[in-house]
Amino acid sequence: MDNKIDEELAWAAFERRDRSWDDRVIGAVTTTGIYCKPSCPARRPKREHVEFFLDGGAAREAGYRPCLRCRPDEVGRRMPERCAPAAPRSICRRTSP
Ligand SMILES: [Zn+2]
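Because the structure is a prediction, the values reported are computed rather than measured.

(A) Geometry of the coordination of the zinc ion. Taken together, Cys-36 (SG), Cys-40 (SG), Cys-67 (SG) and Cys-70 (SG) make up the protein donors of the zinc ion, found 2.2 to 2.4 Å from the metal. Positions of the donor residues of the zinc ion, expressed as sequence spacing, correspond to C-x3-C-x26-C-x2-C. With Cys-40 in the loop between β2 (34–36) and β3 (50–53) and Cys-70 in the loop between β4 (65–66) and α3 (89–95), this residue pair connects regions lying 30 residues apart in the sequence. The residues Cys-40 and Cys-70 share a single accessibility class, namely buried.

(B) Looking closely at the pattern of salt bridges. Tallied over the entire structure, the rule returns 3 salt bridges. The shortest N-O distance in the salt bridge between Asp-18 and Arg-16 comes to 2.8 Å. In this structure, Asp-73 engages Arg-60 in a salt bridge whose closest nitrogen and oxygen atoms are separated by 2.9 Å. Of this pair, Asp-73 sits in the loop between β4 and α3 while Arg-60 sits in helix α2 (residues 56–61), and the two are 13 residues apart along the sequence. The class of Asp-73 is partly exposed, set by a relative accessible area of 27%. The exposure class of Arg-60 is partly exposed, given its relative accessible area of 42%.

(C) Spotlight on the sheet that holds β4. Strand order in the open sheet formed by 4 strands is β3-β1-β2-β4, and the pairing between neighbours is mixed. Edge positions in the open sheet fall to β3 and β4, since each of these has one partner strand only. Pairing between β2 and β4: 2 bridges, direction parallel. Directly across from Ile-34, in β4, lies its bridge partner Arg-65. Running over the sheet, helix α1 (residues 7–15) touches β1 (26–29), β2 and β3 and is turned about 105° from β3.

(D) Fine view of the side chain of Ser-39. Topologically, Ser-39 is positioned in the loop between β2 and β3. Not counting residues within four places of it along the chain, the set of residues in contact with Ser-39 comprises Arg-17, Asp-18, Arg-19, Asp-22 and Arg-44.

(E) Representation of the pairing of β1 in the model. Where burial is concerned, the two faces of β1 agree: the one with Ile-26 and Ala-28 and the one with Gly-27 and Val-29 are both buried. Across 4 bridges, the pairing between β1 and β3 is antiparallel. Pairing of Ala-28 across the sheet is with Glu-51, part of β3. Strand direction decides the pairing type here: β1 and β2, joined by 3 bridges, are antiparallel. Opposite Ala-28, over in β2, you have Tyr-35 as the bridge partner. In textbook terms, the turn of a hairpin is the stretch between consecutive antiparallel strands, and for β1 and β2 this stretch comprises 4 residues, one of which, Gly-33, has a positive phi near 75°.

Definitions and limits used
Residues numbered from 1 in each chain as written. Predicted model: local features only at pLDDT ≥ 70, side-chain atom pairs only at ≥ 80, totals over all residues. Heavy atoms only, no water. Donors = N, O, S within 2.8 Å, 3.2 Å for Na, K, Ca; no water. Helix = DSSP H or I, 4+ residues; strand = E, 2+ residues; numbered from the N terminus. Buried < 20%, exposed > 50% of the residue type's maximum accessible area, 1.4 Å probe, protein only. Salt bridge = Lys/Arg side-chain N within 4 Å of Asp/Glu carboxyl O. Pairing = 2+ DSSP bridges. Contact = heavy atoms within 4.5 Å. Axes fitted to C-alpha atoms, helices over the stretch in contact; angles between N-to-C directions.

Written out as structure tokens, the structure reads:
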């Protein structure tokens, strides 16, 4: 499967801490060796220090470690979190009353 990442969109998602992107892309910081999900509360690194992966497994294979603040490896296992008020209505509308 050719699952290419659109880095411009991925970076934009990181900049606005978009939770709806948490299960779509992982951002790894080359200067710290840590990878994060888009909604991570940590300060944003410079764009040129970030590379993107489809998931934490790919980032680990490249030698990165998961961020302790946003726990990127738990993405996808906590579905309810994606229905936080900030999430786009697409996913949540169907399940919320
Ligand atoms: Zn993080």
